[in-house]
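An overview of the molecular structure
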There are 2 protein chains.
Amino acid sequence: MRRQAIRDDGTIDDGVSDLGHAVKSAVSRLYSRFRSERPDGDLGDGALEVLALLDRGGPQTLTALSEHHRVTPASMSQTVNRLASVGYAVRARDPDDGRRVIIRATPMGKRLSQAARTRRNAWIDDRLGELSDDERETLAAAAVILKRIADA
Amino acid sequence: MRRQAIRDDGTIDDGVSDLGHAVKSAVSRLYSRFRSERPDGDLGDGALEVLALLDRGGPQTLTALSEHHRVTPASMSQTVNRLASVGYAVRARDPDDGRRVIIRATPMGKRLSQAARTRRNAWIDDRLGELSDDERETLAAAAVILKRIADA
DNA sequence: TATTGTTATACTCTATAACTATA
DNA sequence: TATAGTTATAGAGTATAACAATA
């Protein structure tokens, strides 16, 4: 009889090739954990990621933002609405193409983005500090691969 | 002058220790990608993950489900409402403690869960198939570490 | 006509607050 | 009193459909 074990997520580990599930499960669980460890009072994830891109990558059109974050332009327009309503971003017409809208972070939005990044990385930084050097190297290598897959 | 590069997410890679950001960014980007690659017609992520746990891990109390998924009992109660409203899960009173509610997947819910898992792993399985053996080993090792961090 | 963006509407998932029922 | 669960309400984030403005 084959050895079986119930994983933390309730699925069965039967020893068969199952890397896809392992990666998806680890990513989903860790993403949930990031959410539950999120400091109160911050913007939501979507809005903060858009603000970070505007802060560090410069002004962007709505379409560029929506493609980068893999959401529809309609969804991104609403995220920009949220950022604009609290003064963290502003819209301006593109002078070269009146159909385009250029979105940029305000100085207040940039300050918020930078402060939030430090706050929100605190939890994962603490966890990584508890690992061995070998484990950190593994994660550094894996992060590169995962990023490449995500952006392919 | 220090070499700098703008990352895909718009932040600056200044070569300084930054593993926390790399991991968080890779996980967030990949999670977004999972969402955008999700087949139409499936349940949402939260509901499907609960259904998978009920299918493979057996019946659970509401509190157990909410703790496993790191959400409030109130949130989990609503996710169970969604599953129950379409016939994928049912509630029953715990005969030993009338305060408790036992939630279990119906046969239809179990079938849906198993079919959905295959559908939803198809994208990541394809991507992993394009990697080298070394890269897959790195991801397998990283998945274990990330899972441990997420569940700590 | 094609492209860019917006608004209206709706669904999922989450939270807090206030509540009921049982121990 | 403490524990287990629910409902009401609200907000973020997502989608599709229908629309306006510009190229």
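Above this note sits the structure.
The paragraphs below set out a description of the structure included in this document. (Residues numbered from 1 in each chain as written. Chains lettered and ligands numbered in written order. Predicted model: local features only at pLDDT ≥ 70, side-chain atom pairs only at ≥ 80, totals over all residues. Heavy atoms only, no water.)

Concerning the interface of chain A and chain B
Every contact between the two is made by 56 residues of chain A and, on the other side, 56 residues of chain B. Summed over both partners, the interface of chain A with chain B buries about 5700 Å², with 65% contributed by carbon and sulfur atoms. Among the residues of chain A in contact with chain B, Lys24(A), Arg29(A) and Ile149(A) are the three that bury the most area, contributing 11% of the side total. Summed over the shared surface of chain A and chain B, the number is 14 residue pairs in polar contact (both at pLDDT 80 or more). (Contact = heavy atoms within 4.5 Å. Buried area = accessible area lost by both parts, 1.4 Å probe. Polar contact = N/O pair within 3.5 Å; in protein donor to acceptor, adjacent residues only side chain to side chain.)

With respect to the protein's contact with DNA strand C
In the vicinity of DNA strand C, 27 residues are found, and the nearest of them are Thr63(A), Arg91(A), Val101(A), Gly44(B) and Asp45(B). If you look at DNA strand C and keep only atoms within 4 Å of the protein, 71% of those are sugar or phosphate atoms. Taking Arg99(A), its side chain carries an N or O atom lying 3.3 Å from a sugar or linking oxygen of DNA strand C. The contact in question runs from a phosphate oxygen of DNA strand C to an N or O atom on the backbone of Asp45(B), over 2.7 Å. For the surface near DNA strand C, the secondary structure elements donating two or more residues are α3 (62–68) and α4 (73–85) of chain A together with α2 (45–57) and α4 (73–85) of chain B. Here the surface near DNA strand C is composed, by residue class, of seven nonpolar, twelve polar and eight charged. (Near = heavy atom within 4 Å. Helix = DSSP H or I, 4+ residues; strand = E, 2+ residues; numbered from the N terminus. Nonpolar A, V, L, I, M, F, W, Y, C, P; charged D, E, K, R; others polar.)

Examining the protein's contact with DNA strand D
The local shell around DNA strand D holds 27 residues, among which Gly44(A), Asp45(A), Thr63(B), Arg91(B) and Val101(B) are the closest. Of what DNA strand D places within 4 Å of the protein, 74% of the atoms are sugar or phosphate. Here a phosphate oxygen of DNA strand D and a side-chain polar atom of Arg91(B) are 2.5 Å apart. Of all the secondary-structure elements, those providing two or more residues to the surface near DNA strand D are α2 (45–57) and α4 of chain A together with α3 (62–68) and α4 of chain B. Looking at the surface near DNA strand D residue by residue, the class counts come to seven nonpolar, twelve polar and eight charged.

Concerning the packing of aromatic side chains
If you walk through the whole model with that rule in mind, you get three aromatic pairs over all chains. Ring centres 5.9 Å apart and planes at 90° place the aromatic pair Phe34(A) and Trp123(A) in the edge-to-face group. Linking Phe34(A) in helix α1 (residues 19–36) with Trp123(A) in helix α5 (residues 107–129), this pair joins segments that are 89 residues apart in sequence. Here the two residues Phe34(A) and Trp123(A) agree in accessibility, since each one is buried. Looking at Lys24(A), its charged tip hangs above the ring of Phe34(B), at a distance of 5.3 Å from the centre. (Phe/Tyr/Trp six-rings, centres within 6.5 Å; stacked < 30°, edge-to-face > 60°. Buried < 20%, exposed > 50% of the residue type's maximum accessible area, 1.4 Å probe, protein only. Lys NZ or Arg CZ within 6 Å of the ring centre and 35° of its normal.)

Focus: the relation of the copies chain A and chain B
Rotating chain A by 180° and moving it 0.0 Å along the rotation axis overlays it on chain B with an RMSD of 0.0 Å. In symmetry terms, the pair is related by a two-fold rotation axis. Take the interface residues of chain A: 100% of them recur as interface residues in chain B, which is what a same-surface contact looks like. (Least-squares fit on C-alpha atoms with pLDDT ≥ 70 in both.)

Overview of the sheet that holds strand β5 (residues 101–105) of chain A
Residues and elements named next belong to chain A. Spatially, β3-β5-β4 is the arrangement adopted by the three strands of the open sheet, whose pairing is antiparallel. Edge strands, defined here as strands with exactly one partner in the open sheet, are β3 (60–61) and β4 (89–93). Inspection of the sheet shows β3 paired to β5 by two bridges, in the antiparallel sense. Opposite Gln60, over in β5, you have Ile103 as the bridge partner. Sheet strands in contact with α4 are β4 and β5, and its direction is about 120° off that of β4. (Pairing = 2+ DSSP bridges. Axes fitted to C-alpha atoms, helices over the stretch in contact; angles between N-to-C directions.)

Re the pattern of salt bridges
Evaluation of the coordinates by the stated rule reveals 20 salt bridges over all chains. Residue Asp151(B) is joined to Arg29(A) by a salt bridge in which the shortest nitrogen-to-oxygen separation is 2.6 Å. Taken together, the positions of Asp151(B) in helix α6 (residues 133–151) and Arg29(A) in helix α1 put the pair across two chains. We note a salt bridge from Glu135(A) to Arg148(B), for which the minimum N-O separation is 2.7 Å. Of the two residues, Glu135(A) is situated in helix α6 (residues 133–151) and Arg148(B) in helix α6; the pairing between them involves two chains. Residue classification places Glu135(A) among the partly exposed residues on the basis of a relative accessible area of 22%. Looking at Arg148(B), the relative accessible area reads 42%, which means it is partly exposed. Each member of the salt-bridge network shares a partner with another, and the members are Arg38(A), Asp45(A) and Arg120(A). (Salt bridge = Lys/Arg side-chain N within 4 Å of Asp/Glu carboxyl O.)

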